Amino acid sequence: MGPALGENAIGAVDDWRKILSDSVVSAGQLERSTGVPADVVQPVIDRYPMRINPYFLSLIRSPHDPIGRQAIPDPAELEEKRVSKDVYADDPFCEEDLSPVGSLVHRHPDRVLFLVSGFCAVYCRHCMRKRNAGRKQAVNIDAVRRAVDYISRAGQVREVILSGGDPLMLPDAFLEEILDRMAAIPHVKRLRIHTRIPGVLPARITQGLVEILGRFSPLFINIQFNHPAELTREAADACGMIADAGIVLGSQSVLLNGVNDDEDVLSQLMEKMLSLRVRPYYLHHPDPVRGTAHFGVSLERGVEIMGKLRAGLPGMAIPHYVVDLPGGQGKVSAEEVLRKGERGGL
Ligand SMILES: *Cc1c(COP(=O)(O)O)cnc(C)c1O
Ligand code: SF4
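Residues numbered from 1 in each chain as written. Chains lettered and ligands numbered in written order. Predicted model: local features only at pLDDT ≥ 70, side-chain atom pairs only at ≥ 80, totals over all residues. Heavy atoms only, no water.

Trainee: Could you give me a rundown of the nonpolar core, with the residues and numbers involved?
Mentor: Counting residues in hydrophobic clusters, the biggest one holds 88 residues, and the most contacted among them are Phe114, Ile151, Val160, Ile178 and Met182. Ranked by the residues each element gives to this core, the list is headed by helix H6 (residues 141-153), at 6 residues. Mapped onto the domain boundaries, this core takes at least three residues apiece from domain 1 (16-78) and domain 2 (84-340). If sequence neighbours within four positions are ignored, valine 160 has contacts with Val112, Phe114, Ile151, Met182, Val188, Arg190, Leu191 and Arg192. (Core = buried A, V, L, I, M, F, W, Y, C linked by side-chain atoms within 4.5 Å. Buried < 20%, exposed > 50% of the residue type's maximum accessible area, 1.4 Å probe, protein only. Helix = DSSP H or I, 4+ residues; strand = E, 2+ residues; numbered from the N terminus. Domains from an automatic or database assignment. Contact = heavy atoms within 4.5 Å.)

Here it is in structure tokens:
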């Protein structure tokens, strides 16, 4: 018997779920697919979960290459290595203290972060919310109601930023419901989504999803791309679909030791993103989050790399190089921090 009517279309929509369900999540699976010994990885994933979906796995050439480093658990995650005393913490930016109601982070009066999902298509080893990734559930409708209540009463909020985890891991209908409710708040003028999906699970960017997102203009989507090898044909198609729907795309890359702490790599990344209509927005100095010290890069080196980018690229290709200072003060220019010497222990 041939496929039932509509089966192909449904199959296409659910492709990404199938890909996700085939992810490498156990030390044994990882050993079989990459040769990394299970006994080395097991203690790491006991503390910080692993998920490497088959698409992202296919980009890894060797465990220590720039893609492998971002996804394959490293025993260094368990070392209490401190660049300076007391800096590396689970939540160095005190997001939990800045949370007026569960899952909201309200640091800047005009913008609020809504952490809608604890799930991701890949658990990045360098994640700044390593404390939550893969642990916290997605928000439920009650949490959405509480967030809407809070934001409705916070008249100074102009922008709601969905973050996580990865917001695009939510089912289409629930994501639409959240966006609808946020957009209906009269003083909310813009919506934004922070995601890694176009670069780590491009099959999730379906026509159906893009049609939903396209209804919420002005909608900004900032994508985390860290290395030019992430900008595959599939990722390019995903970005093209989103851009064609009238959504403004930006990037949020993270400066990472052994991944992209190199002027040639970053310069390629910035130029390639521009050709995908993704405007470089932020280059984040690595955050002092517990379990990520092995990704550290010095401020001096970061500033040197930025100088070289500026010398060789158009202004459009230059991201803001920012540091999130511990203690909840927000993002500031890394160059400025280095110049003034107020490094907050970094
Ligand atoms: C980064 C961040 C934002 C968004 O900041 P932009 O500079 O507008 O991109 C909002 N809230 C919190 C808590 C943040 O960390
Ligand atoms: S996709 Fe984002 S939230 Fe998820 S693990 Fe990676 S950096 Fe963290």
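Trainee: Lay out the site of ligand 2 in plain terms, naming residues and giving numbers.
Mentor: Around ligand 2 sit Cys120, Val122, Tyr123, Cys124, Cys127, Gly165, Arg196 and Gln224, and that is every residue in its neighbourhood. In terms of residue class, the shell around ligand 2 is made up of 5 nonpolar, 2 polar and 1 charged. (Near = heavy atom within 4 Å. Nonpolar A, V, L, I, M, F, W, Y, C, P; charged D, E, K, R; others polar.)

Trainee: Describe the packing of aromatic side chains, naming the residues involved and giving the relevant values.
Mentor: On inspection of all chains with the given rule, the structure shows 1 aromatic pair. For lysine 130, the ring lying beneath its charged end belongs to tyrosine 48, and the centroid distance is 4.5 Å. Note that arginine 204 overlies the ring of tryptophan 16, its terminal NZ or CZ placed 4.2 Å from the centroid. (Phe/Tyr/Trp six-rings, centres within 6.5 Å; stacked < 30°, edge-to-face > 60°. Lys NZ or Arg CZ within 6 Å of the ring centre and 35° of its normal.)

Trainee: Outline the pattern of salt bridges, listing residues and values.
Mentor: The tally for this structure, following the rule as stated, stands at 23 salt bridges. Here aspartate 142 ties to arginine 145 by a salt bridge, and the two come within 2.9 Å at their closest N and O atoms. Here arginine 145 and aspartate 142 lie together in helix H6, a separation of 3 residues that amounts to about one turn. Of the residues examined, aspartate 142 reaches a relative accessible area of 41% and is grouped as partly exposed. (Salt bridge = Lys/Arg side-chain N within 4 Å of Asp/Glu carboxyl O.)

Trainee: Describe the domain arrangement of the protein, and please don't skip the residues or the numbers.
Mentor: Domain annotation for the protein reports domain 1 (16-78) and domain 2 (84-340). Put simply, the middle of domain 1 and the middle of domain 2, counted by C-alpha atoms, are 22 Å apart. Residue-level contacts link 24 residues of domain 1 with 36 residues of domain 2. Regarding the contact of domain 1 and domain 2, the summed buried area is about 2600 Å², with carbon and sulfur atoms giving 58% of it. Its largest share of buried area at the contact with domain 2, domain 1 owes to Trp16, Arg69 and Gln70, together 30% of the area lost on that side. Our count for the contact surface shared by domain 1 and domain 2 stands at 2 salt bridges. Salt-bridge contacts for lysine 130 lead to glutamate 77; the nearest nitrogen and oxygen are separated by 2.9 Å. For the pair domain 1 and domain 2, the number of links is 15 residue pairs in polar contact (both at pLDDT 80 or more). (Buried area = accessible area lost by both parts, 1.4 Å probe. Polar contact = N/O pair within 3.5 Å; in protein donor to acceptor, adjacent residues only side chain to side chain.)

Trainee: Lay out the environment of isoleucine 178 with the relevant residues and their values.
Mentor: Here isoleucine 178 lies in helix H7 (residues 172-183). Exposure remark for isoleucine 178: the relative accessible area of 0% places this residue in the buried category. With residues near it in sequence (within four places) discarded, isoleucine 178 still touches Phe114, Val116, Val139, Val144, Leu162 and Leu170.

Trainee: Talk me through the side chain of aspartate 287; I want residue IDs and the actual numbers.
Mentor: In this structure, aspartate 287 sits in the loop between strand E7 (279-284) and helix H12 (299-312). Although buried, aspartate 287 forms no salt bridge, and the nearest oppositely charged side chain, arginine 129, lies 8.2 Å from it. When sequence neighbours within four positions are dropped, the list of residues in contact with aspartate 287 reads Tyr88, Phe93, Met128, Thr292 and Asp324. (Lys, Arg positive; Asp, Glu negative; His and termini not counted.)

Trainee: Explain unusual backbone geometry to me, using residue names and the numbers behind them.
Mentor: Glycine 165 follows glycine 164 through a cis peptide bond whose omega is 5 degrees. Among the structural elements, glycine 165 can be located in the loop between strand E3 (159-164) and H7. At the junction of serine 217 and proline 218, the peptide bond is cis and its omega measures out at -5 degrees in the coordinates. One can find proline 218 in the loop between helix H9 (207-214) and strand E5 (219-223). Located in the positive-phi region is serine 103, a residue other than glycine, with phi close to 75 degrees. Looking at where serine 103 falls in the secondary structure, it is placed in the loop between helix H5 (66-71) and strand E1 (104-108). Look at serine 103 and you get buried, because its relative accessible area is 18%. Positive phi, normally seen in glycine, also occurs at arginine 277, with a value near 70 degrees. With respect to the secondary-structure elements, arginine 277 resides in the loop between helix H11 (263-275) and E7.

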